[in-house]
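Given next are the chains, with one letter for each unit.
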Amino acid sequence: MTNRARPDLRNPLRNLLAVCLCALSLGLPSSAADVSSQPLAWIHFNRDHKDISLFNGYPMYFVSGGGLELNINVNPDPGHSLAFMWLCKENPGRGSNRSMKVSVNGAETVRTHPAVGDQEGVFFWDIVPVTAFGINKRAEGHYHIVANRNPEENYSSVVLQGIRLITDEKQLETLPLPTSTHKVQFIHPGPLTEDGRLDRKVNREAAKKRIHQNWVGEKKLSKRAIKEDEFLSAAQKFADTAITHGRDEYGTEKSAIFVQYLNRETLKAPGTIGWLKPSQGGPNHPMVLSRFDRSQNLLRFLASMSLFTGDPRYSEAVMDSMICMFEDYIYPRSGLLAFGNHMSIDLVEGKAYSDGRGSEQFELQNTFPFYEFFHDVSPDKTSRFIKGIWESYVRNWHSMRYNRHANFNTQVDVTKVWNRPVREVADLPEFTQGGELSFIGLAYDLAYSGFTLGCVEDDVKARIWANRILEVVAAKSDRKTGVWPMMLYPPPFYRRGLETYVDAYPDSNANEARVIISSWVNSVPIHALGVLGTIEQAQKHDRYDEVRKVHAKVDRWILNYMQAAYDPEAHHLRSILLDGQDVTDLVFTEKATLYGWGAQPGGSFRHRPVTPAFFAAVAQGFRLCSSPESKAHYWKLLRNLYRGAELGDIGENSRTTPNFNHGAIAHVEDGHVFGLSEIYRVTRSPETLRFMEHLGREIIQRRQDPKSGLFVAEAHRELNFPALKEFKQSPHEGITVKEMMRERFGANQLDYDRPKVVPLNITEPLALLAIHGCRTGEFEKIPSWVSIGMSHHSVMKEQEIWFDRPKLESYYEDRKDYIKDRGFVVNEDWFPAE
């Protein structure tokens, strides 16, 4: 009998590995084969076991800490073998081997296997004859097994999915077993208690009561009243489509989770090829995607629809999706949700999958989730989620060092998260000390989460830590300009060719934290909105005095950045260093060029366009500002922005009658509406409201599909802004949606100019409710657009042709080498049902 056997992955209709790992639950029918085809005893770990970890939705145990202890209630026999199902994926930063010490009836052996890379299957059976433990004759009794991490070398922990007692390797074939456990007593960590299983559930009735109290308007509007309001009726059309057709109906078990995309004609979600190989635990069929982190605009919009209309259907749909996430997609050790840049949910299988990196990596990036609603659905799970975020990320609680990636399976003790000594913000390191990549957007997500939790739970410690991380960021700002960095602690060496700037500008002290260049310019308003979201939470919950000091630094950052980067005459933005140095025109050479940001020898950066998010961020800064002097600077900046965009003149000051350009047909964006709504909340100018209405009508006319109510980008909208002045790096740079639709599809040429597959997490519906809220004066019901950075209109070839079988067949043929290399097999599951 060999020591290492691979699970069977040959079934073309279903990922049999997933059956082996996940379908071993109570109630499954037994195999049609005779009893001898089954193992003598087995345990496959499931969500009803304590201290479980998850890998791509599969329950696993890290053999570390207290280890595993169990009894197998079968008489020992030298003809038996123990088979351990390993997950042996590479763990960057640790040893290349995984190892554990196994004791059976008091006799020990060590099992060590090398980690495998992306080209190999990461699951295998490690088969150990019981004779290795000195069992050389039959005896009455049982097997007592203890497995622990091998402490003798720099090994990574072994990750196990199950253990079987077998007499033949055929008993390892991936057949559906009748139960998850047979003749095994799981001692440690053991099964959950009944109270533990109940604790995993959300009290739906209590949640519904809170949702109706806090997220449903007292007065229910009639159908006629809604229909007579052009903006609310357009918003409702989108909302009705989202809750009727935008939820999961794609697997054997339906759920309340929202899909990421819908085809606006079929009202079905398209599939897409997964990026994780089946040999690594990924699905062997196209996925129907849901990205809960990229649903926050949609969730906020739907909740506000219930506030404005008094119709509970929309808020209840949000509640149902969150309950599903809390119950089915939560990581038990950390309390984190299957969430973030490297994690997607496949609604066909009902599992969360990573993107195939070294481990399941949790990454927040300008997400700013809808925590207030989360908390009304489940206070305890939201509290644990936010505390899990902080505990998983923060590596040093004085300097607030963190890495952009955390591990979903970190063991979190929620009792100690805020209970640490708070020291003065001083003596901060200049560089990272642990190899982290501390991109700054995460700091703002941490602050937003901590302060929001501190407000809804009246926890001053949470608010103190949230405020402190903003103070640490402010302490790393440029001394001259006050502009905040793009990375909290840069590496102590030059990455990505940044010595180019040091050579060209010796006094600049350039490093990765101190550049706001090329595409990074677009991140600035997203970052600003996140920080301003925290300031607004403080104002809304009467905690503003706690953030007053840092708010002044926020205003200085935004205003001084715009002063350094924005050219009001040309209405564009420069690439700058943190000290204000303009680096836009520096021409890169073969010997001195950057790696990234679109830089290439012979080219220099283009000036960046002023995206609509800048209007939203600057205007929100204006509304929230408590300093008359800074408020005046914000107004002057807003006046330049709207004039530069040819949208008109908001006036010399907030008391002046504005003069808007109603003929500005080329410049209609939801970000412009957000900015005007912020201005209107301060000025109450009828002219501002009328112009908002004008822009709202243009958005409805140009982008809303009249039949489905979904929103689609205009054919003339430009995509993929070119990075360099001198030349294009791709034929797709700077082309329009229409050109992309016509040119990108090659032999699968399309005969229409705008996408049929569109995202649900867009911001046009938020803009419509902002207009409605300003018209009615119900400002408190207007949804936040703090997650505007998660909203994107795009053209996706595979998903666009999903419902056109001949084109999809041709697409698969074009990519056959890639499909084969990934270990996929195209069959009927790879096409939409007729």
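Residues numbered from 1 in each chain as written. Predicted model: local features only at pLDDT ≥ 70, side-chain atom pairs only at ≥ 80, totals over all residues. Heavy atoms only, no water.

Novice: An account of empty space enclosed by the protein is needed here, citing residue identities and associated values.
Specialist: Applying the stated criterion to the full structure yields four cavities of 30 Å³ or more. Put simply, the largest cavity is a space of about 50 Å³. Lining the largest cavity are Val524, Pro525, Ala528, Trp557, Ile558, Tyr561, Met562, Phe614, Ala617 and Val618. Breaking the lining of the largest cavity down by element, the ones donating at least two residues are helix H13 (523–540), helix H14 (548–565) and helix H15 (612–624). (1 Å grid on protein atoms, 1.4 Å probe; cavity = no way out; pocket = protein on both sides within 12 Å on 5 of 7 lines; lining within 4 Å. Points joined across faces, edges and corners; volume = space filled by probe spheres on them. Helix = DSSP H or I, 4+ residues; strand = E, 2+ residues; numbered from the N terminus.)

Novice: Residues and numbers for the packing of aromatic side chains, please.
Specialist: Taken as a whole and judged by the stated rule, the model has 42 aromatic pairs. Relative to tryptophan 484, the ring of tyrosine 444 has its centre 6.2 Å away and its plane inclined at 35°; by these criteria the two rings are tilted. Note that tyrosine 444 is positioned in helix H10 (residues 441–456) and tryptophan 484 in the loop between helix H11 (460–475) and helix H12 (499–504), a separation of 40 residues in sequence. Among the aromatic residues, those joined into a ring-pair cluster are Phe292, Phe326, Phe339, Phe368, Tyr371, Phe374, Phe385 and Tyr448. One cation-aromatic arrangement involves lysine 756 over tyrosine 752; the distance from NZ or CZ to the ring centre is 4.3 Å. (Phe/Tyr/Trp six-rings, centres within 6.5 Å; stacked < 30°, edge-to-face > 60°. Lys NZ or Arg CZ within 6 Å of the ring centre and 35° of its normal.)

Novice: Can you tell me about the sheet that holds strand E26 (residues 608–609), naming the residues and giving the values?
Specialist: Strand pairing in a sheet is mediated by backbone hydrogen bonds. Such pairs are either parallel or antiparallel. On the basis of which strands lie adjacent, the open sheet formed by three strands has the order E23-E24-E26 and antiparallel pairing. Each edge of the sheet is formed by a strand with only one pairing partner; in this case those strands are strand E23 (566–567) and E26. In the sheet, strand E24 (residues 572–573) pairs with E26 via two bridges, with the strands oriented antiparallel. Within the sheet, the bridge partner assigned to leucine 573 lies in E26 and is arginine 608. (Pairing = 2+ DSSP bridges.)

Novice: I'd like a rundown of the side chain of threonine 763, residues and numbers included.
Specialist: Tracing the sequence through the fold places threonine 763 in the loop between strand E29 (757–759) and helix H20 (764–776). A residue is classified by how much of its surface remains accessible, and threonine 763, at 2% relative accessible area, is buried. Once you skip the residues sitting within four places of it in the chain, threonine 763 turns out to touch Asn297, Asp670, Phe674, Ile788 and Ser791. (Buried < 20%, exposed > 50% of the residue type's maximum accessible area, 1.4 Å probe, protein only. Contact = heavy atoms within 4.5 Å.)

Novice: Quick rundown of the packing of H13 against H15? Include the residues and the values.
Specialist: Relative to each other, H13 and H15 sit at 30°, their axes nearing to 9 Å. The angle between H13 and H15 falls in the class roughly parallel. Of the two possible hands of crossing, H13 and H15 adopt the one that is left-handed. Residues Val524, Pro525, Ile526, Ala528, Leu529, Leu532, Gly533, Ile535, Glu536 and Gln539 of H13 form the contact with H15, whose participating residues are Ala613, Phe614, Ala616, Ala617, Gln620, Gly621, Arg623 and Leu624. (Axes fitted to C-alpha atoms, helices over the stretch in contact; angles between N-to-C directions. Parallel < 35°, antiparallel > 145°, perpendicular 65-115°, else oblique. Left-handed = near helix turned anticlockwise from the far one by under 90°.)

Remember, this is a structural readout, not a statement about activity or role.
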